[in-house]
Amino acid sequence: MSDTDFLRANWNLLEGFRSDQSKGVEHPDLQKPVNENVQVIKLPEAESGIYPDTATWEAINMRRSIRKYSGNPVSLEELSWLLWSTQGVQKVLGDGIATLRTVPSGGARHPFETYLLVNNVTGLEPGLYRYLPLDHSVAHLGEQIPPINVINGCLGQTFCGECAVTFVWSVIPYRTEWRYGPVSHKIIALDAGHLCQNLYLACTAAGLGTCGIGAYDQDAMDSLLGFDGDDEFVIYIAPVGRRE
Ligand SMILES: Cc1cc2nc3c(=O)[nH]c(=O)nc-3n(C[C@H](O)[C@H](O)[C@H](O)COP(=O)(O)O)c2cc1C
């Protein structure tokens, strides 16, 4: 087993596996209980009114995984907002050793690339694109990947192809390994959560919807995007569309 294996979608490991849930075992506590003798202090409601910026409150409070989209296009301005919110570069450090972006990343290594499977974005031909964060531009890499192939690559989850644009994030582990060697992979997994959370919040703020996708066929998605599966491979997917 290689150091990066746990970053892949290893759903084949579930073949023949029976979870405690499927065996009818009682579910675990939703929260670790406190001892009876411990004082518990009720907090005030987390209301929007106490913050000067209610948009932040609303984006956090309204965030939901959205799996149905209206079919109307996403605009280029909206796509720009989503890309900037997830990978936008605010500062290049030193002579280009690292970047500071709108999401945190361990050691500022930012090991991800953002590929866009564009189906319905005003001002962009359907096709395969890659975000260039240093230029805040998108590179048009090729023709549209047929949505049915994306759906199949996402284990039959139809909304992954029935959306305006699918974000497919790849990881280039060496970017983090260059600095942290064998300690990198947990950092990469944590980085990926920050990335998609910002997509959720940016979508919510813009009246769009998304859903993080961890259930996909690793080999199928890597081959659709043309990755070798070692130096670069798919780590996370997120379809985006207008909320209904
Ligand atoms: C790492 C990760 C992987 C996920 N993978 C999928 C997926 O493959 N398909 C799906 O429909 N939802 C997926 N979800 C969404 C969760 O099912 C969802 O977050 C959960 O049901 C709670 O709903 P909420 O996000 O609306 O609060 C994933 C979420 C995360 C964080």
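None of the values given here were measured: they were computed from a predicted structure.

Scoring rules and cut-offs
- Every chain is numbered independently, its residues counted from 1 as its sequence is written.
- A pLDDT threshold of at least 70 governs which residues receive local features in this predicted model, and a stricter bar of 80 or more applies before side-chain atom pairs are shown or counted, although totals over entire chains, interfaces and linings include all residues.
- Only heavy atoms go into the side-chain values, all of them from the structure, while hydrogens and water stay out.
- Pairing between two strands is assigned when DSSP locates at least 2 bridges connecting them.
- Secondary structure elements follow DSSP: runs of H or I no shorter than four residues count as helices, runs of E no shorter than two count as strands, and numbering proceeds from the N terminus.
- Exposure classes here rest on a 1.4 Å probe applied to the protein chains alone. A residue is buried below 20% of its type maximum, exposed above 50%, and partly exposed in between.
- Only heavy atoms matter for contacts: two residues are in contact if any of them lie within 4.5 Å across the pair.
- Here an angle of 0 to 180 degrees is reported between the N-to-C directions of two axes, which are lines fitted to C-alpha atoms, with helices fitted over the stretch in contact.
- Comment on the angle field: the value is read as roughly parallel under 35 degrees, roughly antiparallel over 145, roughly perpendicular from 65 to 115, and oblique elsewhere.
- Rotating anticlockwise by less than a right angle from the far helix to the near helix defines a left-handed crossing, while the corresponding clockwise rotation defines a right-handed one.
- Nearness here has a simple test: a residue counts as near a molecule or strand if at least one of its heavy atoms is within 4 Å of that partner.
- Side-chain atoms alone can form a polar contact between residues adjacent in sequence; in general such a contact is a pair of N or O atoms within 3.5 Å, and within protein one must be able to donate a hydrogen while the other accepts it.
- Only the protein chains shown count as cover for residues, and the accessible areas themselves come from Shrake-Rupley with a 1.4 Å probe.
- Residue classes follow a fixed rule: Ala, Val, Leu, Ile, Met, Phe, Trp, Tyr, Cys and Pro count as nonpolar, while Asp, Glu, Lys and Arg count as charged, and any other residue, Gly among them, counts as polar.
- By convention a nonpolar core is built from buried Ala, Val, Leu, Ile, Met, Phe, Trp, Tyr and Cys residues, the set being connected through side-chain atoms within 4.5 Å.
- This count recognises Lys and Arg as positive and Asp and Glu as negative, with His and chain-terminal groups excluded.
- Salt bridges are identified by distance alone: a Lys or Arg side-chain nitrogen within 4 Å of an Asp or Glu carboxyl oxygen.
- Note on patches: the residues involved have over 30% relative accessible area and no salt bridge, like charges join within 9 Å, and the nonpolar side chains Val, Leu, Ile, Met, Phe, Trp and Tyr join within 5 Å.

Draft legend 1. Inspection of the pairing of strand E2 (residues 98-101) at higher detail. Here strand E1 (residues 89-93) runs beside E2; their pairing, made up of 4 bridges, is antiparallel. When the bridges of E2 are listed, Lys91 appears paired with Leu100. Where E1 folds back on E2, the antiparallel hairpin that results is connected by 4 residues, among which Gly94 adopts a positive phi of roughly 55°.

Draft legend 2. Structural view of the side chain of Ser85. If you trace the backbone, Ser85 turns up in helix H2 (residues 76-87). Classification of Ser85 by relative accessible area gives buried; the value is 7%. In this view, Ser85 contacts Thr102, Val103, Asn198 and Ala202; residues no more than four positions away in its chain are not counted.

Draft legend 3. Fine view of the packing of helix H1 (residues 54-62) against helix H5 (residues 184-205). Two numbers describe how H1 lies on H5: the axes approach to 8 Å, and their chain directions differ by 115°. On the basis of their axis angle, the class for H1 and H5 is roughly perpendicular. Like other packed secondary-structure pairs, H1 and H5 cross with a definite hand, here right-handed. Between H1, through Glu58, Ala59, Ile60 and Met62, and H5, the contact on the second element is made entirely by Leu201, Thr204 and Ala205.

Draft legend 4. Representation of the site of the ligand within the structure. Every residue close to the ligand is listed here: Arg63, Arg64, Ser65, Arg67, Gln157, Phe159, Cys211, Gly212, Ile213, Gly214, Ala215 and Tyr236. The contact in question runs from an oxygen atom of the ligand to an N or O atom on the side chain of Arg64, over 2.8 Å. Between an oxygen atom of the ligand and a main-chain N or O atom of Ala215, the distance comes to 3.1 Å. Expressed as a share of its isolated accessible area of 620 Å², the protein-covered part of the ligand is 56%. By residue class, the composition of the shell around the ligand is 5 nonpolar, 4 polar and 3 charged.

Draft legend 5. Region of the structure containing the nonpolar core. Residues Val165, Phe167 and Leu225 are the most contacted members of the largest nonpolar core, which totals 51 residues. For this core, the elements supplying multiple residues, two or more each, are H2, strand E3 (112-118), strand E4 (127-132), strand E6 (165-171), H5, helix H6 (218-225) and strand E8 (233-242). With 8 residues, H5 is the largest single contributor of residues to this core. Beyond its immediate sequence surroundings of up to four residues, Leu225 is in contact with Tyr115, Leu117, Leu128, Ile145 and Val168.

Draft legend 6. Fine view of the sheet that holds strand E5 (residues 137-142). Across the sheet, 6 strands lie side by side as E5-E4-E3-E6-E8-E7; this open sheet has antiparallel pairing. Looking at which strands have only one partner, the edges of the open sheet turn out to be E5 and strand E7 (208-210). On average, adjacent strands in this sheet sit at an angle of 30° to one another, irrespective of strand direction. The pairing of E3 with E4 spans 4 bridges and is classified as antiparallel. Note that in E4 the partner of Val118 across the bridge is Gly127. Across the sheet, H2 lies against E3, E4, E5, E6, E7 and E8, angled at about 25° from E6, the strand it touches most.

Draft legend 7. A look at the side chain of Glu232. Residue position: Glu232 is located in the loop between H6 and E8. Within the buried set, Glu232 has no salt-bridge partner at all; the shortest N-O distance to an opposite charge, 6.3 Å, is to Arg130. A polar atom in the side chain of Glu232 sits 2.7 Å from the side chain of Ser170. Discounting chain neighbours no more than four positions away, the residues touching Glu232 are Glu113, Tyr115, Ser170, Val171, Ile172 and Phe227.

Draft legend 8. Fine view of a nonpolar patch on the surface. Taken together, Trp11, Leu14, Phe17 and Leu155 make up a surface patch of nonpolar side chains, about 420 Å² in accessible area. Looking at the element boundaries, Phe17 is found in the segment before H1.

Draft legend 9. Region of interest: the pattern of salt bridges. For the coordinates displayed, the defined rule picks out 6 salt bridges. Measuring nitrogen to oxygen at the nearest pair gives 3.2 Å for the salt bridge that ties Asp5 to Arg8. Relative accessible area serves as the criterion here: at 24%, Asp5 is assigned to the partly exposed category. On the accessibility criterion, Arg8 (15% relative accessible area) is buried. For the salt bridge of Asp230 with Arg8, the shortest nitrogen-to-oxygen distance reads 3.6 Å. One end of the pair, Asp230, is in the loop between H6 and E8; the other, Arg8, is in the segment before H1, with 222 residues separating them in the sequence. On the basis of relative accessibility, which here comes to 54%, the residue Asp230 falls in the exposed class. One connected set of salt bridges, linked through shared partners, spans Asp5, Arg8 and Asp230.

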